[in-house]
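Per-entry structural report
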Amino acid sequence: MARRFSKSKTIDTRSEDEQQQDRSRRLRIVGPWAITALGPVLVEGGHLIVAGNPAALALATLGIAGTGAGLCKLLSHLDSKAKRDKDTVRLHQVNTITVTAAVTLGTITGVDTAATAGAWAIGGIGLSLANNLWSSFHKKGSEKGASKWEKLESEIGLAKHELKEAHSNGKGTVLATIEAKDGATAEDLARRIPAMASALKLGKGRITHTVDDDDSSLITMRVQVADLLKEGFPWRGPSAFGASIGDVPIRTGRYEDGEDVLLNITGMLRDPGPLSNGNVEHAIAMGVNGAGKTQGNQLIIVECGTRTEVSVIAIDCSKFQQDFGHVRHGIDWPIDKKDAARRFFKLLPNAIEKRTDHLAAMGLSKWEPGCGLNFLVVIGEEAADFAADNEHYQKILRTARAAGIWILTSIQRATHNNMDTDSRANSPAGLCFGLRDGADAQYCLPDEAIDAGAWPQWGNRKPGYHYAAGLGIPEDRWHITARTELASKRDQADAITAGAAIRTPLDSITAEAFGDLYVNRTTYDAPLLPKEEGEDDTPQQAAPAPTATATTPVAPAAPAYSGPPDEEMDGVDPDTMAREVEELTEMLQNVLDEDPEPGEYDHLRIEDEIEPPADDAPVFELGGDDSDKLTSEQGRQALYERLDQWVREGKNSFAPRDVTDIVIRVGLSDTKRWFYRQRDALLEAGVISEDESDEGFGKYDILRSPLS
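Numbering of residues starts from 1 in every chain and runs along the sequence as written. pLDDT decides what is reported in this predicted model: residues at 70 or higher carry local features, side-chain atom pairs at 80 or more are listed and counted, and totals for whole chains, interfaces and linings draw on all residues regardless. Note that water and hydrogens are dropped before the side-chain values are worked out from all heavy atoms of the structure.

**Side note on the overall build of the chain**
This is how it is decided: What counts as a helix is a DSSP run of H or I of at least four residues, what counts as a strand is a run of E of at least two, and both are numbered from the N terminus. Buried means the residue's accessible area, taken with a 1.4 Å probe over protein chains only, is under 20% of the maximum for its type, while exposed means over 50%, and partly exposed covers the values in between. Any pair of residues with heavy atoms lying within 4.5 Å of one another is described as a contacting pair. Each accessible area is a Shrake-Rupley result for a 1.4 Å probe, and residues are judged covered by the shown protein chains and nothing else.
Each helix and strand in the chain was counted, giving 21 helices and 19 strands. Across the 708 residues of the chain, 40% fall into the buried class. By sequence separation, contacts in the chain at least 24 residues apart represent 66% of the contacts at least 6 residues apart. Summing over all exposed atoms, the chain offers an accessible surface of approximately 40200 Å²; the carbon and sulfur share of this is 54%.

**Observations regarding unusual backbone geometry**
Phi is positive for Glu 309, which is not a glycine, with a value near 60°. Within the secondary structure, Glu 309 sits in the loop between α7 (293-305) and β8 (310-316). Positive phi outside glycine occurs at Glu 382, with the angle close to 50°. As for its position among the elements, Glu 382 is in the loop between β10 (375-381) and α10 (384-387).

**A word on a nonpolar patch on the surface**
What counts, and what does not: Note on patches: the residues involved have over 30% relative accessible area and no salt bridge, like charges join within 9 Å, and the nonpolar side chains Val, Leu, Ile, Met, Phe, Trp and Tyr join within 5 Å. The term salt bridge refers to a pairing of a side-chain nitrogen on Lys or Arg with a carboxyl oxygen on Asp or Glu at a separation within 4 Å.
Taken together, Trp 33, Ile 125 and Leu 129 make up a surface patch of nonpolar side chains, about 260 Å² in accessible area. Looking at the element boundaries, Leu 129 is found in helix α4 (residues 114-145). With a relative accessible area of 45%, Leu 129 lands in the partly exposed category.

**Examining a negative patch on the surface**
As a reminder of what qualifies: Only four residue types enter the tally: Lys and Arg on the positive side, Asp and Glu on the negative side, with His and both chain ends excluded. We put the charge of a Lys on NZ, of an Arg on CZ, of an Asp on CG and of a Glu on CD.
A contiguous patch of negative charge on the surface is contributed by Glu 187, Asp 212, Asp 213, Asp 214, Asp 215, Asp 447, Glu 448, Asp 451, Glu 475 and Asp 476. Looking at the negative patch element by element, the count peaks at three residues for helix α13 (residues 447-451). Along the chain, Glu 187 turns up in helix α6 (residues 186-199).

**Considerations on the sheet that holds strand β5 (residues 250-255)**
Applicable threshold: Should DSSP find at least two bridges between two strands, the strands are taken to pair. Between N-to-C directions, angles span 0 to 180 degrees; the directions come from axes that are lines fitted to C-alpha atoms, helices contributing only their stretch in contact.
On the basis of which strands lie adjacent, the open sheet formed by ten strands has the order β6-β5-β14-β13-β12-β7-β11-β10-β8-β9 and mixed pairing. Where the open sheet ends on each side, the last strands, each with one partner, are β6 (260-263) and β9 (333-335). Between one strand and the next, the sheet's axes are offset by a mean angle of 25°, whatever the strand orientation. Relative to strand β14 (residues 482-484), strand β13 (residues 465-469) runs antiparallel, the two being bridged by two bridges. When the sheet's bridge partners are listed, Tyr 465 is paired in β14 with Arg 483.

**With respect to helix α3 (residues 86-109)**
Cut-off, in case you're wondering: Expected helix span is computed as 1.5 Å times (number of residues minus one).
The end-to-end C-alpha distance of α3 is 34 Å, a good match for the 34 Å that 24 residues give at a rise of 1.5 Å each. Listed as buried for α3 are Thr 88, Leu 91, Gln 93, Asn 95, Thr 96, Thr 100, Thr 104, Gly 106 and Thr 107. Positive backbone phi, approximately 85°, marks Gly 110, located one or two places after α3.

**What to know about the nonpolar core**
To keep it simple, the criterion reads: By nonpolar core is meant a set of buried Ala, Val, Leu, Ile, Met, Phe, Trp, Tyr and Cys residues that side-chain atoms within 4.5 Å join together.
Ranked by internal contacts, the top residues of the largest apolar core, which has 96 residues, are Phe 344 and Trp 406. If you tally residues by element for this core, the top one is helix α9 (residues 338-361), at nine residues. Ranked by size, the runner-up nonpolar core spans 16 residues in total, among them Leu 643, Val 647, Val 666 and Ile 702.

**Things to note about the packing of aromatic side chains**
Put simply, the rule reads: Pairing of aromatic rings covers Phe, Tyr and Trp, the last counted by its six-membered ring, and requires centre-to-centre distances within 6.5 Å; plane angles under 30 degrees mean stacked, over 60 mean edge-to-face, and any other angle means tilted. Working rule: Lys NZ or Arg CZ, within 6 Å of ring centre, within 35 degrees of ring normal, means a charge sits over the ring.
The full count for this structure, using the stated rule, is 13 aromatic pairs. Their ring planes at 65° and their centres at 5.9 Å tell us that Trp 458 and Tyr 465 sit as a pair that is edge-to-face. Under the relative-accessibility criterion, Trp 458 is labelled buried at 7%. Judged by its relative accessible area of 5%, Tyr 465 falls in the buried class. Ring-pair connections join several aromatic residues into one group, and the members of that group are Trp 333, Phe 344, Phe 345, Tyr 393, Phe 514 and Tyr 518. Positioned over the ring face of Tyr 255 is Arg 477, at 4.4 Å from the centre of the ring.

**Some points on the pairing of β5**
Counting buried residues along β5, five of its six residues qualify, which places the element largely inside the surrounding structure. Where β5 meets β6, four bridges bridge the pair, whose relative direction is antiparallel. Note on β6: the bridge partner recorded for Gly 253 is Val 261. Taking the residues between adjacent antiparallel strands as the criterion, β5 and β6 are bridged by four residues, where Gly 258 takes a positive phi near 95°. Where β5 meets β14, three bridges bridge the pair, whose relative direction is antiparallel. Considered in β14, the bridge of Gly 253 is made with Thr 484.

**Considering the confidence of the model for the chain**
Which entries qualify depends on this criterion: Each residue carries a pLDDT value, the predictor's own confidence for that position, ranging from 0 to 100.
On average, residues of the chain carry a pLDDT of 80, and 80% of them reach 70 or more. A low-confidence stretch, residues 537-541 stays under pLDDT 50, and its non-local contacts, those more than four residues away or across chains, total ten contacts. Throughout residues 546-570 the model reports pLDDT below 50, and contacts reaching past four residues in sequence, or to other chains, amount to twelve contacts.

Written out as structure tokens, the structure is:
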């Protein structure tokens, strides 16, 4: 009986991918040698077929050469689609060109001679060895030298985002165009940006992206590989000295790619340049203490102070002289007290109404250069001091832009307890400096800038670094880091001084709308700067406003508080103190002994009745008689004259008790009701307003003279 033998089958434990890779590797090794060995047979056969016919030989030669050229182009396209490295592309081209040339020449001359056969053998063996060596060693080398994008594709899952184009601007910035495929979105790419930044060893916020408005699959990714802002940029001086504020934008710094930071604060410019025209956009300048907000505001003031058709109103109730002392002579209206800021915002609606009436009469819906009104730039430094609960601040932000008024709210953190949410909503533009928490940027920057990757979480470690959004700036630059230029206080002061010759005084319409508050303002004719060597020590004083109608002597300053008396008795000798106390006690006893009144009634008890005074006893009277009484009209006139006097003296607020002497003289039975009627009339006329501050309960602000 015959035995059956069975051959055991070997089980391959490799995966399908591994088996396919092995087959491809064998093909790459054996293929070149097969072409070298079998190629001469095929070429020689073709030569024998066409050698006897010159026409056929020419056509065959052209066909082989054309086929080779087509293969070269096809391989180049396939290599480009597959994103193969340059060395692989070169290898494919060399192989294709060499084989095409060998087949063409062999078809013409044949490979039956020793010379042609030798040339084929030498060339074929050389190419085969080169391809084998490439197949063995290129994989490891290509992995080591693969592009960073290929690594990202494999490591963090970017296979559905194809890198179409990438180029450097030569200033540390790489711009890449990426196409999202197979349903991928820009949001998918944005979620992987933190991992991408880590893989590329870049800091957070250094990779940003924007999406094409017309094609959401096209994404522009911006990678900042070097910080060119670290050393800063020296201030180049005013950007357009002597020009109108409505001519060209103002310049405050540079972006990290070297472009200028330009702001269109008026909304309309004759030459906007790269910016767009539109409406006035109030702005919030936000950043922690020391982040550089004030330096940015100083540059804005200097730009305005060297232009025409613009007036600057700076409000700083914390440290005006420290922040703006060196440019104070370029500020048309400096406000450094909370009560003055409060009264300013109460009168500003009146100015807005007068200005809009003027623009409407000229047929204008917004401020334009040459309209006869100065553009008003209102900079509120440390705005939490006056904007937190200021109802007037909210209303002004809603209406001021149509009147040619731009308001910059400078604040450390624009949360609801520092700035009303309605006020924040009416300030669409933002200058976001360093923050302790990058998420706080939502209170200052538009969502588009944050979604694109803006992340200002550097605190005060990078003074002057910021993002700028709105104000005519193209949206694709909202997420690009910028830095204010470095300007010394003396250079800024010199520029403001030079600009005095060209600055336009505040227009009469606006000045009259502010009334006595503007007339009695404090102005400066010199900068406050530290003394340099050779300068005299003459103190720099405030100058009266040019339009002031009266001057008032300054009240003598109260002596400085030196603490309770106990704090000044530390060095007194105890014996001396005892003698003084003894002398004081003796003097007090002498006074009591000389006063007969205590002894006159010392016999009385609490239950005894006091005897009535004698008929000839003196009677104490409060004074006044009917001849001193005032009619209602006379009392009103006296009240108005009192308020007018206070305005001229610089008194800005009062309490009802300050006019009691007038009220009690009015010849009416209910003088209290008379006063309330007068108060309500003054409130309605805008002469006075209630003091809403915590310490001002029951008081009234004087906004203007009732006689003006």
